[in-house]
Amino acid sequence: MKSLETEIKEIIIDSLDLEDISIDDIETDEPLFGDGLGLDSIDALELGLAIKKQFNIKLDSDSEESKKHFYSVGTLASFIEQQRGAN
Amino acid sequence: MHNKTIKLGVLSSYCWIAPGYKESCNLPSLTEHADFDPITLKQIPPIKRRRLSGLSKLAMHTSLNCIEQAASSPADCLSVFASQHGELNRTVSIVDSMYQEHEVSPKDFSLSVHNASLGLFSIFTRNKQAGTSIAAGSDTFGYALLESYNLLQRFPEKQVLLTCFDLEVSHPLSELQNKLYPSYSLSLLLTSPNTAPSGISLSFEPQSNLQVPELPMALAFYDFLYNKASTVAITTDDTRWKFIKNV
């Protein structure tokens, strides 16, 4: 079975049209925005929508907490696990 | 204004038309000089290229090639981006999502405005000059020429990039069109008339009997630019535009 991290990487590539990037190019713990993968604010919204749809979880777009959850693939995976546990 | 003739210098031109249209096009100069190849835009890194919609890709492709042909700098020109329908197809898909109570894609929403292509061009080329986005029905290309003329009157030492572009209108609004035109983009790099080796004069007058043009005005103009005729009259739904080549 695919790991949650791999699934998130696939969603990132598909939802953000990263046609030249493969799963192996995305480090689980590197920052998604700014210096790391180089995503921007529109990507953040698009990715948020894709994650909400795929995992049926709630996101608060304005909170500082959400920023922490979206720091890397690793932090997103922990957040999704935690939300799944809560449901 | 209708009887006034205005003059523009033409430094370079570049036209792209959807590949499938080549066989049905019966204008030899247009077929010979236009680019009918699939667009790759290799000059833009993939991380930036992914932001371009189908429509913005056309505009970017002809804009960059036209400027390159004149060995000019893309960061320094004024720009006029003209599109009759703009992001119509994307807007239909957004409205459709809303109707079906799906959430709207933020990327689609942010790129659905009429000046999205002009904005992306200015970001990619780091162009901080003035830019205008125009839509004027079947006269869109004509009014883009008038806007370019206005800009050159105000900044006579500058160059104006005029890009006129549209995607073929898709369902369901395609059913409301009198005629369906292929996706295309035409770019011209324009200057004040005395600073380019060749150019055009144009005048226009209203026309009362409504016509359905065979081709978008921009494509009829591009054919004229390369054919042997010295003058042409191009009629749109409501206007007759006259052009003369100045060599």
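Quantities reported herein were computed from a predicted structural model and do not represent experimental measurements.

*Asks:* Outline the packing of helix α1 (residues 4-15) of chain A against helix α4 (residues 73-86) of chain A, supporting the account with residue identities and numerical values.
*Replies:* Residues and elements named next belong to chain A. At a minimum axis distance of 9 Å, the contact between α1 and α4 shows a crossing angle of 115°. On the basis of the axis angle, α1 is roughly perpendicular to α4. Note that α1 runs across α4; the crossing there is right-handed. Between α1 and α4, the residues in contact are L4, E5, I8, K9 and I12 and V73, L76, A77, I80, E81 and R84, respectively. The class makeup of the residues in the contact of α1 with α4 is seven nonpolar, no polar and four charged.

*Asks:* Break down the environment of T140 of chain B for me, with residues and values.
*Replies:* Residues and elements named next belong to chain B. When you line up the elements, T140 lands in helix α7 (residues 140-154). In this structure T140 comes out as buried when scored by relative accessible area, which is 3%. Separated by 24 residues in sequence, T140 and C164 place their C-alpha atoms 7.8 Å apart. Those residues in contact with T140, other than ones at most four positions away along the chain, are A82, S83, Q84, I134, A135 and C164. Separated by 2.6 Å, the side chain of T140 and the backbone oxygen of G137 make a polar contact.

*Asks:* Describe the pattern of salt bridges, and please don't skip the residues or the numbers.
*Replies:* Counting across every chain of the model gives eleven salt bridges over all chains. The partner of R50 of chain B in a salt bridge is D43 of chain A, and the shortest N-O contact between them spans 2.9 Å. Remark: D43 of chain A occurs in helix α2 (residues 41-55) and R50 of chain B occurs in the loop between α2 (46-49) and α3 (54-69); the pair is interchain, linking two chains. A relative accessible area of 7% means that R50 of chain B is categorised as buried.

*Asks:* So what's going on with the UniProt feature "domain: Beta-ketoacyl synthase-like N-terminal" (unreviewed entry) in chain B? Residues and values would help.
*Replies:* With numbering matched to this structure, UniProt assigns "domain: Beta-ketoacyl synthase-like N-terminal" (unreviewed entry) to residues 34-242 of chain B. With 34% helix and 20% strand, the stretch residues 34-242 of chain B has end C-alpha atoms that lie 22 Å from each other.

*Asks:* Account for the interface of chain B and chain A, with residues named and values stated.
*Replies:* In this assembly, twelve residues from chain B lie in contact with 14 residues from chain A. Summed over both sides, the interface of chain B with chain A buries roughly 1,100 Å², with 50% coming from carbon and sulfur. The interface formed by chain B and chain A holds five salt bridges in total. Linking chain B to chain A there are seven residue pairs in polar contact (both at pLDDT 80 or more).

*Asks:* Provide a residue-level description of the side chain of T236 of chain B, including the pertinent values.
*Replies:* Residue and element names in this part refer to chain B. Tracing the sequence through the fold places T236 in the loop between β7 (231-235) and β8 (239-246). The exposure class assigned to T236 is buried, which follows from its relative accessible area of 1%. Separated by 2.4 Å, the side chains of T236 and D139 make a polar contact. If we skip the residues at most four places from it in the chain, T236 touches S138, D139, Q207, Q211, P213, M217 and W241.

*Asks:* Describe the pairing of strand β4 (residues 160-166) of chain B, with residues and values.
*Replies:* All names here are of chain B. Of all seven residues in β4, seven are buried, a share of seventy percent or more. Residues V160, L162, C164 and D166 line one face of β4 and the alternating positions L161, T163 and F165 line the opposite face, and both faces are buried. With seven bridges joining them, β4 and strand β5 (residues 184-191) adopt antiparallel strand pairing. Looking at the pairing, T163 lines up with S187 of β5.

The rules we used
Residues numbered from 1 in each chain as written. Chains lettered and ligands numbered in written order. Predicted model: local features only at pLDDT ≥ 70, side-chain atom pairs only at ≥ 80, totals over all residues. Heavy atoms only, no water. Axes fitted to C-alpha atoms, helices over the stretch in contact; angles between N-to-C directions. Helix = DSSP H or I, 4+ residues; strand = E, 2+ residues; numbered from the N terminus. Parallel < 35°, antiparallel > 145°, perpendicular 65-115°, else oblique. Left-handed = near helix turned anticlockwise from the far one by under 90°. Contact = heavy atoms within 4.5 Å. Nonpolar A, V, L, I, M, F, W, Y, C, P; charged D, E, K, R; others polar. Buried < 20%, exposed > 50% of the residue type's maximum accessible area, 1.4 Å probe, protein only. Polar contact = N/O pair within 3.5 Å; in protein donor to acceptor, adjacent residues only side chain to side chain. Salt bridge = Lys/Arg side-chain N within 4 Å of Asp/Glu carboxyl O. UniProt positions renumbered as here; feature names shortened; annotations may be inferred. Buried area = accessible area lost by both parts, 1.4 Å probe. Pairing = 2+ DSSP bridges.

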